[in-house]
Amino acid sequence: MESSKPITIAYIEDDPVVRAAYQNRLVKHGFHVEIAPDGLLAMKLLSSMIPDLVILDLMMPKFDGVEVFKFMQSKSHLRTVPVIILSTNTVIDVNEEYVLEQASKRLIKQHCNFNVMLAAIEEVLAA
């Protein structure tokens, strides 16, 4: 029997508690998860791999999620990778709004739990 390669998710989140909780649940559901705790490490990670999906926090140190998204859009090998944005309800910056419109899916952090995230992942990967 042929075994399929696990889906690789680049999970970019600076909050260590949130990151660990979601990472552990994603791994238990059979995903391979690569993590980056800030925008700079996210760009380094994405320079060395092409994930099947990116889960991207907008508010992070070093480079924020908007800058990471723009970095991805500037690279031909990353441009088509689906991105799920994790954000707060309040978007003030026009650049952030642009990114939210370009992303595959947007999840509001305050309303997100693992089941919501898993359903979003399945929806985006099926598209």
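Residues numbered from 1 in each chain as written. Predicted model: local features only at pLDDT ≥ 70, side-chain atom pairs only at ≥ 80, totals over all residues. Heavy atoms only, no water.

Colleague: Where do I start with the nonpolar core in this structure?
Modeller: If you look at soluble globular proteins, the nonpolar side chains tend to sit buried side by side. Counting 23 residues, the largest nonpolar core has Ile12, Leu46, Val54, Leu56 and Val68 as the members making the most contacts within it. Sorting the residues of this core by element identifies β1 (8–12), α2 (39–48), β3 (53–57), α3 (65–74) and β4 (83–87) as the ones contributing at least two each. Element by element, the count of residues in this core is highest for α3, at five residues. In this structure, Leu46 is in contact with Ala10, Ile12, Pro51, Val54, Val68, Phe71, Met72, His77 and Leu78, ignoring residues within four places of it in sequence. Counting residues in each nonpolar core, the second largest holds 18 residues, with Leu53, Ile84, Leu86 and Cys112 among its members. (Core = buried A, V, L, I, M, F, W, Y, C linked by side-chain atoms within 4.5 Å. Buried < 20%, exposed > 50% of the residue type's maximum accessible area, 1.4 Å probe, protein only. Helix = DSSP H or I, 4+ residues; strand = E, 2+ residues; numbered from the N terminus. Contact = heavy atoms within 4.5 Å.)

Colleague: Honestly, the side chain of Asp38 in this entry has me stumped. Any pointers?
Modeller: In this structure, Asp38 sits in the loop between β2 (32–36) and α2. Among the polar contacts made by the side chain of Asp38, one reaches the main-chain amide nitrogen of Leu41 at a distance of 2.7 Å. (Polar contact = N/O pair within 3.5 Å; in protein donor to acceptor, adjacent residues only side chain to side chain.)

Colleague: Help me understand the packing of helix α1 (residues 16–28) against helix α5 (residues 114–126) in this model?
Modeller: Between two packed helices, the angle of one axis relative to the other and the distance separating the axes together describe the packing. Close contact between α1 and α5 brings their axes to 11 Å; oriented N to C, the two are set at 55 degrees. Here α1 is positioned oblique relative to α5, judged by the angle of their axes. Note on packing geometry: the crossing formed by α1 with α5 is right-handed. Together, Tyr22, Arg25 and Leu26 of α1 and Phe114, Asn115, Met117 and Ile121 of α5 make up the contact between the two elements. A per-class count over the contact of α1 with α5 returns five nonpolar, one polar and one charged. (Axes fitted to C-alpha atoms, helices over the stretch in contact; angles between N-to-C directions. Parallel < 35°, antiparallel > 145°, perpendicular 65-115°, else oblique. Left-handed = near helix turned anticlockwise from the far one by under 90°. Nonpolar A, V, L, I, M, F, W, Y, C, P; charged D, E, K, R; others polar.)

Colleague: What is the right way to read the packing of α2 against α3 from this model?
Modeller: The interhelical angle for the contact between α2 and α3, taken along N-to-C directions, is 20 degrees, at an axis separation of 9 Å. Judged by the inter-axis angle, α2 sits roughly parallel to α3. The two elements α2 and α3 meet at a crossing, and its hand is right-handed. Between α2, through Gly39, Ala42, Met43, Leu46 and Ser47, and α3, the contact on the second element is made entirely by Glu67, Val68, Phe71 and Met72. For the contact of α2 with α3, the class distribution of residues is six nonpolar, two polar and one charged.

Colleague: What is the right way to read α2 from this model?
Modeller: One full turn of an α-helix is made of 3.6 residues, so residues set three or four places apart face in the same direction. Looking at α2, one finds that the buried residues are Gly39, Ala42, Met43, Leu45 and Leu46. The arc that holds the buried residues of α2, viewed along the axis, is 165 degrees, so those residues lie on one side. Exposed and facing more than 90 degrees away from the buried side of α2 are Lys44 and Ser48. On the buried face of α2, the contacting elements are β1, β2, β3 and α3. Where α2 begins, the side chain of Asp38 points an oxygen toward the backbone nitrogen of Leu40, at a separation of 3.0 Å. (Arc of directions from axis to C-beta.)

Interpretation in functional terms is not warranted from these geometric data alone.
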